[in-house]
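# Residue-level structural notes
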Amino acid sequence: MDRRKFLIGTLFTLVVFAASAQSKHATRSKYMSYKGLVMAGYQGWFNCEGDGADRGWTHYSKNGKFEDGSCTIDYWPEMDEYKVKYKTPFKFPDGSPAYVFSSFDESTVDLHFKWMKEYGIDGVFMQRFFSVLTSENRLNHNDKVLASAIKAANKYGVAICLMYDIGSMDDSKYQLVMEDWKHLVDDLKLTNQGKKTTYLFHNEKPLVAFWGISAGTRESGHIPEIFDIMDFFKNDPVYGGCSIHLGIPSRWRTLGSDTKGDPRLHEVIKQADVVHPWLVGRYNEETYEAYRQENIIDDVKWCKEHGKSYSPTVFPGFSWYNMKPNEVSDKIPRNKGEFFWKQISGAIESGAEMLYVAMFDEIDEGTAIIKISKTVPVGESIFVPADQEIPTDHFLWLTGKAGKMLRGEIPFSKQMPKRKD
């Protein structure tokens, strides 16, 4: 009898353990694969004086000041559709004050996701920097933006995925990443919104991205820490069961100039699902085709041979006029979208089955695809106006078209599509 009670008790314990170890992720999502999607990076890092975040003019100011001659943004957002606007010291040519948005406002995030829905952009990777995990102020801001994004993704049926930027990670504190993931899964229900779940899956599992592995410009390549991180995200019985997306340097395959040259990088990649090289600034419109022939085509071939998905970065242009005014060589013109489309068609022609657009909202490095003003403030600071010949929503529109061409919903063409409106 005692033995029978013991066996029954043991069985009960095992059942309870199995139930408690059940994954907290949704079993299904509207987006079960990255394949066929065009996703953009979403920073959500802009703050304004008076927005309630107590962060001042974050990602607008330079050296603590947001005024003429001291700012970091190169593009001025077109503000007509924003419900909440913040007056700045800058003036337009007619003397009227210029306004900007704060990512801390839920209405800002809602508008951005509304645009994704309207223009057919599949979704975004929400950026979460390691420094967020070590600062209560930054964590509060990032959690608020992420909560707004989850709500908007549900509302508009847009894909959402988390990207940890661990480029500047303190390797001795890497376990903060795992603890943070538990927080997001438990408290924000990031990967499980019930029937409304739009969190991006890949290979039938929730996808989690990590950017900044083995970057040559960083003090650490985060090897071997990334092995432990991936093990948790892949194998933890409650919070794991995830697919892995790795953001890595452009020369990852050859362990070239922008990597640390560490051969262990290939071992890391072999344990991942999606390979995502960072290509911003690696070429311009004139040099892109040569770069594609020398790198992207063979990158795709390597990934297919090793059973990995390949997600190349495409970007509309780049500049640091205000952030780093002395680095003139880094200015990459947009050419009314021709440069952007050349990369999109080139990636698809090379065999890429998914794309990463850098970035949705990054007006401080000139890569944003959001609506940009044709009229910019005047003064010492240099702002790049949207081209007069194209609509201010042109890059949102092109990104939507990229997804259609990637999925074969419109014919493949190297020529940038013409608008009828």
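Presented here is an overview of the structure given in this document. (Residues numbered from 1 in each chain as written. Predicted model: local features only at pLDDT ≥ 70, side-chain atom pairs only at ≥ 80, totals over all residues. Heavy atoms only, no water.)

## Structural notes on the overall build of the chain
From N to C terminus, the chain includes nine helices and 12 strands. For the chain, buried positions account for 58% of its 421 residues. Nonlocal contacts in the chain, meaning residues at least 24 apart in sequence, comprise 74% of its contacts between residues at least 6 apart. Carbon and sulfur atoms make up 50% of the accessible area of the chain, which totals about 18,100 Å². (Helix = DSSP H or I, 4+ residues; strand = E, 2+ residues; numbered from the N terminus. Buried < 20%, exposed > 50% of the residue type's maximum accessible area, 1.4 Å probe, protein only. Contact = heavy atoms within 4.5 Å. Areas by Shrake-Rupley, 256 points an atom, 1.4 Å probe, with all protein chains shown as cover.)

## Brief notes about the pattern of salt bridges
A full pass over the atoms with the stated rule returns 21 salt bridges. A salt bridge links Glu289 to Arg292; the nearest nitrogen and oxygen atoms lie 2.9 Å apart. Of the two residues, Glu289 and Arg292 both sit in helix H7 (residues 288-305), three residues apart, roughly one turn of that helix. Its relative accessible area of 34% is what places Glu289 among the partly exposed residues. In this structure, a network of salt bridges that share partners links the residues Asp122, Lys404, Arg407 and Glu409. (Salt bridge = Lys/Arg side-chain N within 4 Å of Asp/Glu carboxyl O.)

## Looking at the packing of helix H4 (residues 175-187) against helix H5 (residues 225-235)
Helix packing geometry: the angle between the two helix axes and the distance between the axes. With their axes 10 Å apart at the nearest point, H4 and H5 run at an angle of 25° to one another. Looking at the two axes, H4 sits roughly parallel to H5. Where H4 crosses over H5, the two elements pack in a sense that is right-handed. Residues Val177, Met178, Trp181 and Lys182 of H4 pack against Asp228, Ile229, Phe232 and Phe233 of H5. In terms of residue class, the contact of H4 with H5 is made up of six nonpolar, no polar and two charged. (Axes fitted to C-alpha atoms, helices over the stretch in contact; angles between N-to-C directions. Parallel < 35°, antiparallel > 145°, perpendicular 65-115°, else oblique. Left-handed = near helix turned anticlockwise from the far one by under 90°. Nonpolar A, V, L, I, M, F, W, Y, C, P; charged D, E, K, R; others polar.)

## Topic: unusual backbone geometry
With an omega dihedral of 20°, the bond running from Ile223 to Pro224 counts as a cis peptide bond. With an omega of -10°, the peptide bond between Ala358 and Met359 qualifies as cis. Tracing the backbone through its elements, the reader meets Met359 in the loop between strand E12 (355-357) and helix H9 (394-406). Phi at Asn203 takes a positive value of approximately 55°, unusual for a residue other than glycine. Note that Asn203 resides in the loop between strand E6 (201-202) and strand E7 (205-211). Judged by its relative accessible area of 42%, Asn203 is partly exposed. The phi dihedral of Lys336 is positive, around 60°, even though this residue is not glycine. Structurally, Lys336 can be placed in the loop between strand E11 (313-314) and helix H8 (338-350). Given a relative accessible area of 30%, Lys336 falls into the partly exposed group.

## Examining the pairing of strand E4 (residues 123-129)
In terms of residue burial, E4 counts as a mostly covered element, since seven of its seven residues are buried. Here E4 shows a buried face lined by Gly123, Phe125, Gln127 and Phe129 and a second buried face lined by Val124, Met126 and Arg128. By the bridge criterion, four bridges tie strand E1 (residues 38-42) to E4 in an arrangement that is parallel. Residue pairing across strands places Gly41 opposite Phe125, the latter belonging to E4. Strand direction decides the pairing type here: E4 and strand E5 (residues 159-165), joined by seven bridges, are parallel. Bridging from a neighbouring strand, Met126 pairs with Leu162 of E5. One crossover worth recording links E4 to the parallel E5 by way of helix H3 (residues 136-156), and it is right-handed. (Pairing = 2+ DSSP bridges. Right-handed = clockwise from strand over helix to strand, strands pointing away.)

## Let's talk about the layout of surface pockets
Over the atoms, a rolling probe the size of a water molecule traces out where space has been left empty. Counted as a void, the largest pocket has a volume near 1,100 Å³. Lining the largest pocket are 44 residues, and of these Asp165, Trp211, Arg218, Trp278 and Glu365 sit closest to its centre. Sorting the residues of the lining of the largest pocket by element identifies E4, H3, E5 and strand E8 (243-248) as the ones contributing at least two each. With three residues, the top contributor of residues to the lining of the largest pocket is H3. Along the lines of polarity and charge, the residues of the lining of the largest pocket split into 16 nonpolar, 16 polar and 12 charged. Size it by volume and the second largest pocket reaches roughly 250 Å³. In terms of lining, the second largest pocket is formed by 21 residues, of which the most central are Tyr75, Arg334, Val384, Pro385 and Asp387. The residue inventory of the lining of the second largest pocket, partitioned by class, reads 13 nonpolar, four polar and four charged. (1 Å grid on protein atoms, 1.4 Å probe; cavity = no way out; pocket = protein on both sides within 12 Å on 5 of 7 lines; lining within 4 Å. Points joined across faces, edges and corners; volume = space filled by probe spheres on them.)

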